[in-house]
There are 2 protein chains.
Amino acid sequence: MTGADAPPAAAARSRRRGADLISAVYAAVLTEVAETGVTGLTMEGIARRAAAGKTTLYRRWSSPTELLIDAMLDAHPVERPTPGATDLRGDLIEALGQLVAWIVSPAGTAATRILAERHSHPALAEALYSRVFDVRGGTFTSTVLRHYADRGQLDPALLTPIVVDIGEALTLKRFLDDGAPPDEQTLAAIVDQAILPAVGYPPPAST
Amino acid sequence: MTGADAPPAAAARSRRRGADLISAVYAAVLTEVAETGVTGLTMEGIARRAAAGKTTLYRRWSSPTELLIDAMLDAHPVERPTPGATDLRGDLIEALGQLVAWIVSPAGTAATRILAERHSHPALAEALYSRVFDVRGGTFTSTVLRHYADRGQLDPALLTPIVVDIGEALTLKRFLDDGAPPDEQTLAAIVDQAILPAVGYPPPAST
């Protein structure tokens, strides 16, 4: 179909159903919060950006922040460790790669805004942790680490809140220091030099 | 001296010399950058806040950002590990305590602003690393870890850029997640569960 044959906006809108409409609304709320911040977020603004009706949105979500939390959950990566648990190192690097991809995505930008405005909107920041991060398994690398612990390949007692946060903390720090996403080699160094020693795979002696 | 006996501002100003004046100017630039951001920083604004003459400032600093870098260096903590290197764990916890105190100080707030505006002012962000952080020994815990490596208590080959960043990364992450500075117990957990294993002191087996 060429541009000239495209149906008018109203017709296009009326044809969008289910998953398509929801994708458009989720994309709209993430872009909107990046531009206006949490304080400026309105159903009107989201509806306009998604070319959807405000009534349609209210039918499904009671508030713009409810919609935002659903969009954040939908956009959040799920870790998929190798089923046989045969590549702890590779699975950890992969999980940190998912973190980097998420940070630079609209959802990562939205998360930064939500946390920057947490003092004005504490309930939303709390929901980001309890209804998005926790539901998706906690910090990045947590799902992988538990997968290997469940299969007896590392001591589950070592998976403390600090240890399951090492990969995420160092990846975010590197991002902050360099002003750019860390490359694959840096992610591998984080796994080899920080995460693996903390879960019982000590660094090799150099002598 | 009571308020009624206080000398007029001009007289008080003229009496301030050397270290006193510099302290006032350093405090002024840190408060000023927190309020106006890097983009809004001017010699006029700093001089007004310090109740000092603009000419006085220009005699010593060529620009507001040069002044800011000197103030950041002056405010940066110096790690002082036990001379005999007899308490690695305690010295690491102490270094993370210095980091927490710095984060919540005016210098920590100023650093956050400088990094938030790094895309508009890249040379200043670069100077913050090369002329402040690096001069003070790099990341927090770096000085302590090198002190123990120099005395043969840990393998210097293990002190990679990632490893000397573990404490700082986890402390900042905890701050971000909780919206409040981590307590002493959390700092001890970071040392025990993440830093010590990475420098060759493996976690104890739970079985």
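Residues numbered from 1 in each chain as written. Chains lettered and ligands numbered in written order. Predicted model: local features only at pLDDT ≥ 70, side-chain atom pairs only at ≥ 80, totals over all residues. Heavy atoms only, no water.

- By the naming in an unreviewed UniProt entry, chain A is TetR family transcriptional regulator, taken from Micromonospora andamanensis.

1. Brief notes about the domain arrangement of chain A
Residues and elements named next belong to chain A.
Then, number 1: Taken domain by domain, chain A consists of domain 1 (3-72) and domain 2 (79-198).
Then, number 2: With 13 residues of domain 1 at the contact, the number on the domain 2 side is 15 residues.
Then, number 3: A buried area of about 1,200 Å², summed over both sides, lies between domain 1 and domain 2, and 71% of it is on carbon and sulfur atoms.
Then, number 4: Among the residues of domain 1 in contact with domain 2, Val38, Ile69 and Met72 are the three that bury the most area, contributing 51% of the side total.
Then, number 5: There are one salt bridge connecting domain 1 and domain 2.
Then, number 6: The residue Arg131 makes a salt bridge to Glu66 at a minimum N-O spacing of 3.2 Å.
Then, number 7: Linking domain 1 with domain 2 are five residue pairs in polar contact (both at pLDDT 80 or more). (Domains from an automatic or database assignment. Contact = heavy atoms within 4.5 Å. Buried area = accessible area lost by both parts, 1.4 Å probe. Salt bridge = Lys/Arg side-chain N within 4 Å of Asp/Glu carboxyl O. Polar contact = N/O pair within 3.5 Å; in protein donor to acceptor, adjacent residues only side chain to side chain.)

2. Details of the nonpolar core
Then, number 1: Counting 136 residues, the largest nonpolar core has A:Met72 and B:Met72 as its most contacted members.
Then, number 2: In this structure, A:Met72 is in contact with A:Leu30, A:Trp102, A:Ala107, A:Ala110, A:Ala111, A:Ile114, A:Leu128 and A:Val132, ignoring residues within four places of it in sequence. (Core = buried A, V, L, I, M, F, W, Y, C linked by side-chain atoms within 4.5 Å. Buried < 20%, exposed > 50% of the residue type's maximum accessible area, 1.4 Å probe, protein only.)

3. Comments concerning the pattern of salt bridges
Then, number 1: Applying the stated criterion across every chain yields a total of 20 salt bridges over all chains.
Then, number 2: The salt bridge involving A:Glu44 is made with A:Lys54; its shortest N-O contact spans 2.8 Å. Residue A:Glu44 is found in helix H3 (residues 43-50), and its partner A:Lys54 is found in helix H4 (residues 54-60); the two are separated by ten residues along the sequence.
Then, number 3: For A:Lys54, a relative accessible area of 34% corresponds to the partly exposed category.
Then, number 4: In this structure, A:Asp165 engages B:Lys173 in a salt bridge whose closest nitrogen and oxygen atoms are separated by 2.7 Å. Taken as a pair, A:Asp165 in the loop between helix H9 (142-150) and helix H10 (166-178) and B:Lys173 in helix H10 (residues 166-178) lie in two separate chains rather than in one. (Helix = DSSP H or I, 4+ residues; strand = E, 2+ residues; numbered from the N terminus.)

4. What to know about H3(A)
All names here are of chain A.
Then, number 1: Every buried residue of H3 is listed here: Met43, Gly45, Ile46, Ala47 and Ala50.
Then, number 2: Buried positions along H3 lie against helix H2 (18-36), H4 and helix H5 (64-75).
Then, number 3: Of the residues trailing H3, Ala51 is marked for its positive phi of about 50°.

5. Examining the packing of aromatic side chains
Then, number 1: In this structure the tally under the stated criterion is eight aromatic pairs over all chains.
Then, number 2: For the ring pair A:Trp102 and A:Phe140, a centre distance of 6.0 Å and an interplane angle of 45° mean the geometry is tilted. With A:Trp102 in helix H6 (residues 88-103) and A:Phe140 in the loop between helix H8 (122-133) and H9, this pair connects stretches of sequence that are 38 residues apart.
Then, number 3: You can call A:Trp102 buried: its relative accessible area is 10%.
Then, number 4: According to the relative accessible area criterion, A:Phe140 is buried, its value standing at 6%.
Then, number 5: An angle of 80° between the planes, with centres 6.0 Å apart, marks the rings of B:Trp102 and B:Phe133 as edge-to-face. On the criterion of sequence distance, the pair formed by B:Trp102 in helix H6 (residues 88-103) and B:Phe133 in helix H8 (residues 122-133) is long-range, its members being 31 residues apart.
Then, number 6: Three or more aromatic residues joined by ring pairs make a cluster, and in this case those are A:Trp102, A:Tyr129, A:Phe133 and A:Phe140. (Phe/Tyr/Trp six-rings, centres within 6.5 Å; stacked < 30°, edge-to-face > 60°.)

6. Considering the interface of chain A and chain B
Then, number 1: Taken together, the contact pairs 37 residues of chain A with 37 residues of chain B.
Then, number 2: Area buried by chain A at its contact with chain B is led by A:Ile162, A:Lys173 and A:Gln193, which between them contribute 22% of it.
Then, number 3: The interface formed by chain A and chain B contains six salt bridges.
Then, number 4: Applying the counting criterion to the chain A and chain B interface returns twelve residue pairs in polar contact (both at pLDDT 80 or more).
Then, number 5: If you list the elements that add at least two residues to the side of chain A that touches chain B, you get H10 and helix H11 (184-198) of chain A.

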